[in-house]
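# Structural features, examined
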Amino acid sequence: MRHLSEMELIGQVYGEADSPAAVEQHLAACGECAASFAELRRDLAGVDRVEAPARDAHYGDRVWAAIAPSLPLYAKHKRRLWSSGWAPGGWLRGLGYAAAVALLVAGAFYAGRIWEQREQKKQSPIANQQHQTQPNRQPIVVVVLDDHLDRSERFLVQLKHADVDSAQMASPLRDEARTLLAANRVCRKNLAQTDDPELATALDHLDSLLAETANEPGGLNAQAIARLQEQMNADGLLFEVRVLRSRITDRKAAGANPAKGGTI
Amino acid sequence: MDRNDHAAIQAVLAGDKEAYGALVVRHSHTLFRVAYRITGNEADAEDVVQEAFLRGYRKLEGFEARANFSTWIYRIAVHCALDKVKRRRGDETSRVGDTNDLEQDQVQVADEAAGPDRLLLSGEIGAMQLAALHSLTATERTAFVLRHMEDRTTAEIGAALGIDPNAAKQAVFRAVQKMRRRLAPLRVAT
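These figures come from a predicted structure and were not determined experimentally. (Residues numbered from 1 in each chain as written. Chains lettered and ligands numbered in written order. Predicted model: local features only at pLDDT ≥ 70, side-chain atom pairs only at ≥ 80, totals over all residues. Heavy atoms only, no water.)

### Some details on the overall build of chain A
For chain A, the count of helices and strands is twelve helices and zero strands. Shown N-terminal to C-terminal, the secondary structure of chain A runs as helices and strands in the order α-α-α-α-α-α-α-α-α-α-α-α. Within chain A, buried positions represent 43% of all 264 residues. Sequence-distant contacts in chain A: of pairs separated by 6 or more residues, those separated by 24 or more amount to 72%. Surface summary for chain A: the accessible area is close to 14,100 Å², and the carbon and sulfur share equals 56%. (Helix = DSSP H or I, 4+ residues; strand = E, 2+ residues; numbered from the N terminus. Buried < 20%, exposed > 50% of the residue type's maximum accessible area, 1.4 Å probe, protein only. Contact = heavy atoms within 4.5 Å. Areas by Shrake-Rupley, 256 points an atom, 1.4 Å probe, with all protein chains shown as cover.)

Next comes the structure, spelled out in structure tokens:
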């Protein structure tokens, strides 16, 4: 008589034997297998279930509060994916976006200068003097910078949560990095004339990370993504960008530019 | 599928991000429980829950309307927890020597004697059981937790781990074998 294998006995304990009736019949007839089965059941019954520490009733709310800021609106998200180069063939669209950003920033600076000169001519010497003590207002630049930081923040969140084992994530991340890199350099160039060290430092860090992501030799493999995540965390870049963005959003909302730096 | 879950998913896909909050609130406790059982660590389990919901949100467009959201997000959480354990073990350098191990080529981790999970079980038996659980490979441990503690079928375990049901059955089998061998001294003592 063939004895039951341990695997068959385990299947029987968990109610997943291929033919439970046949196993039961055998157990009834074979004392040796019945003893093994009883021992197995006793062993497994002795293994306690690991009880998870209790979470209070608000745990789900806290989880939601933690992740909600990282989630884009779905409809908006889809539009962004399409327009920012995530879709197949989106690299050209990305270049187009970068060029558009560059034109917009340049146009904003030019418009700002013309407007400033005209305003100075119109104003009386006293008013002109007052004007010189106030920082410049260039709301268009603020909007462009806000948008750039918004996109950068989303990119950093995606990088932070990138599945290192998923090759599908690598190509979109690289494409997005290339697009952002071009826009970031335009912003850096324009901000070089200002006096906002925090913003300049953040854009420098961002530039470094984007350049490495965009130009990683051999493509973005799991090791490279893990290293970039480490670099991002070490620089505290996501936090830095979020702080700057909230600052700029506040300025945009206030419609004023009271801080040092003039151009934002 | 739960009608509430289905309605929430439709709302999210239509642009109502807040609707996802209802899904998060509804399923967080279940995900935390399984994540904790797999990772054996409270902080890791909380990370896993957040990561699972983030991944779920990103993949929501691919979610089939006929499927069950709780099963779907549960699988994602199991996958995240498994990744977490594998990554954690990858970071650890120690290897405990069970020279008769069936899978000599698989990395094993030293007992997490100081881990918070250990403190939750009192006495020597509980400690030995946890040590035995930690001695399993990440896949075996996950398969065993799902089978023995979460009452999942091998088909469900296979789906959650992304492996063939037969491979899942083998993983449970190996886990039970190793657990019994590690816990054999208890049998003699009692």
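### Quick notes on the interface of chain B and chain A
Across the contact, 49 residues belong to chain B and 38 residues belong to chain A. It is B:Leu54, B:His148 and B:Arg180 in chain B that bury the most area against chain A; as a group they hold 14% of the surface buried on that side. At the boundary of chain B with chain A, the tally comes to eight salt bridges. One salt bridge in this structure joins B:Arg180 and A:Glu6, with 3.3 Å as the shortest N-O distance. The set of elements that each furnish at least two residues to the side of chain B that touches chain A consists of helix 1 (3-13), helix 2 (18-39), helix 3 (42-58), helix 6 (123-134), helix 7 (138-149) and helix 9 (165-189) of chain B. Take the side of chain B that touches chain A: its biggest share by element is eleven residues, from helix 2 of chain B. For the side of chain B that touches chain A, a count of residues per class yields 22 nonpolar, eleven polar and 16 charged. (Buried area = accessible area lost by both parts, 1.4 Å probe. Salt bridge = Lys/Arg side-chain N within 4 Å of Asp/Glu carboxyl O. Nonpolar A, V, L, I, M, F, W, Y, C, P; charged D, E, K, R; others polar.)

### A word on the pattern of salt bridges
For the coordinates displayed, the defined rule picks out 25 salt bridges over all chains. Across the salt bridge formed by A:Arg185 and A:Asp207, the nearest N and O atoms sit 2.9 Å from each other. A residue pair is termed long-range when its members are at least 10 positions apart, and A:Arg185 in helix 9 (residues 167-191) and A:Asp207 in helix 10 (residues 197-214) qualify at 22 residues. The exposure class assigned to A:Arg185 is partly exposed, which follows from its relative accessible area of 42%. In this structure, the salt-bridge partner of B:Arg37 is B:Glu150, at a minimum N-O distance of 2.7 Å. Here B:Arg37 is found in helix 2, whereas its partner B:Glu150 is found in the loop between helix 7 and helix 8 (154-161), with 113 residues between them in sequence. Note on B:Glu150: relative accessible area 8%, which makes it buried. Each of A:Glu6, A:Glu39, A:Asp43 and B:Arg180 takes part in one network of salt bridges that share partners.

### Some remarks on the confidence of the model for chain A
Low-confidence regions, as indicated by low pLDDT, have predicted coordinates that should not be scrutinised in detail. Residues and elements named next belong to chain A. Within chain A, residue pLDDT values average 77, and 75% of them lie at 70 or more. Confidence, read as mean pLDDT per element, is least for helix 7 (residues 125-133) in chain A (50) and greatest for helix 4 (residues 59-67) (94). Predicted confidence for residues 256-264 stays below pLDDT 50, and this span has 30 contacts to residues more than four positions away or in other chains. (pLDDT = per-residue confidence, 0-100.)

### Details of the packing of helix 2 (residues 20-29) of chain A against helix 3 (residues 31-45) of chain A
Residue and element names in this part refer to chain A. Packing of helix 2 against helix 3 leaves a shortest axis separation of 6 Å and a crossing angle of 110°. With respect to helix 3, the element helix 2 is oriented roughly perpendicular. The segment helix 2 lies against helix 3, with His26, Leu27 and Ala29 engaging Gly31, Cys33, Ala34 and Phe37. A per-class count over the contact of helix 2 with helix 3 returns five nonpolar, two polar and no charged. (Axes fitted to C-alpha atoms, helices over the stretch in contact; angles between N-to-C directions. Parallel < 35°, antiparallel > 145°, perpendicular 65-115°, else oblique.)

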